[in-house]
Amino acid sequence: MSFTIEERGRPNTKEYRVYFKNPEGKYISPFHDIPIYANEAENIFHAVVEVPRWTNAKMEIATKDPLNPLIQDIKKGNLRYVANVFPHKGYIWNYGAIPQTWEDPNHKDSDTGCCGGNDPIDICDIGDKVCSRGEIIKVKVLGTLALIDEGETDWKVIVINTEDPEAADFNDINDVRRLKPGYLEATVDWFKRYKVPDGKPENQFAFNGEFKDRDFAIETVKSTNEFWKALISKRTNAGELNCMNTSVSDSPFCCSAGDAEAVVKSASAFGAEDPIPGSVDKWFYYEN
């Protein structure tokens, strides 16, 4: 399946949006309409790249907006950029989410003792390719880290792009430890410290910051797909989440292609980008 994107508004502004289209060119939601599986029999999943490696803009699926475009997160009225916490430059993987998954904020995880973060489940793609914003990739799940973010369970699933030349060599979390030494340690360090420049304490982890293996991670992804199924069929309360979709035929939130097009056409026209603030290139140093 080949998905494409359509940008609206001016990049590096609050109006900027990245909308998604299916192979037929119809507008869709990356949260609800892109299938979770690229190959269910082999446990190959689709992933939406929100933030390409080495970049700083905190792009994310807008779970509360119609059609859930990618937008830049806003904190205290300003566009959010992740700081360069030495020695890490921006995000150290392609960062994104698996569609048709949802971390239910009303479900307390039996392993972590915390409820879900109300978002699709996050992925960190360790493949060598630097992906583009809004790219849809097919990934193998290798393991997962359980971040506890302000009291919520926020799974970080370690994956590799199936198109990576070395993808066949990676089948479990220990393969990452063996073939990319230091990467898992850097991942824990990144998640632990990335909010410190904003004046927040270091993040905590379940399982003492240990990665869980492939089988555990796949089961975690599949459980969040079950929570999503309840969400999209209105068997659970969506709250502020926008479940507008064009392909889940038995969903009460399913809309017409015309309704979806109207959402995109109502957004600002694509225009020249604003400059990125110079402060984004600064480095943040501290002893931990």
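Placed above this text is the structure.
Residues numbered from 1 in each chain as written. Predicted model: local features only at pLDDT ≥ 70, side-chain atom pairs only at ≥ 80, totals over all residues. Heavy atoms only, no water.

Undergrad: Can you explain the pattern of salt bridges? Please cite residues and give values.
TA: Pairing is possible between side chains that carry opposite charge, provided their charged atoms lie close to one another. For the coordinates displayed, the defined rule picks out 18 salt bridges. The closest approach of N and O atoms between K180 and D128, which form a salt bridge, is 3.0 Å. Of this pair, K180 sits in the loop between α1 (173-179) and α2 (183-193) while D128 sits in the loop between β13 (122-125) and β14 (136-149); the two residues are 52 residues apart in sequence, bridging distant segments of the chain. We classify K180 as buried; its relative accessible area is 14%. Where D189 meets R193, a salt bridge forms, and the shortest distance between an N and an O atom there is 2.9 Å. With D189 and R193 both in helix α2 and four residues apart, this pair spans about one turn of that helix. Each of D149, E150, K195 and K200 takes part in a single network of salt bridges with overlapping partners. (Salt bridge = Lys/Arg side-chain N within 4 Å of Asp/Glu carboxyl O. Helix = DSSP H or I, 4+ residues; strand = E, 2+ residues; numbered from the N terminus. Buried < 20%, exposed > 50% of the residue type's maximum accessible area, 1.4 Å probe, protein only.)

Undergrad: Can you explain the pairing of strand β5 (residues 44-51)? Please cite residues and give values.
TA: The element β5 is extensively covered by neighbouring structure, given that eight of its eight residues are classed as buried. The pairing of strand β4 (residues 37-39) with β5 spans two bridges and is classified as antiparallel. Opposite Y37, over in β5, you have F45 as the bridge partner. Here β4 folds back onto β5 in antiparallel fashion, the turn holding four residues, of which N43 has a positive phi close to 55°. By the bridge criterion, five bridges tie β5 to β14 in an arrangement that is antiparallel. The residue of β14 that forms the bridge with A47 is I137. Pairing of β5 with strand β11 (residues 94-97), which is carried by three bridges, proceeds in the antiparallel orientation. Bridge pairing in β11 places V51 opposite Y95. (Pairing = 2+ DSSP bridges.)

Undergrad: Can you explain the packing of aromatic side chains? Please cite residues and give values.
TA: Ring pairs (aromatic) are described by centroid distance and by the angle formed between their planes. What the rule picks out here adds up to 17 aromatic pairs. A centroid spacing of 5.0 Å and a plane angle of 15° characterise the contact between W93 and F191, whose relative ring orientation is stacked. You can see W93 sitting in the loop between β10 (84-85) and β11 and its partner F191 sitting in helix α2, a full 98 residues away along the chain. Aromatic pair W190 and Y194: ring centres 4.6 Å apart, planes at 15°, arrangement stacked. Of the two residues examined, W190 and Y194, each falls in the buried class. (Phe/Tyr/Trp six-rings, centres within 6.5 Å; stacked < 30°, edge-to-face > 60°.)

Nothing here speaks to function; it is geometry throughout.
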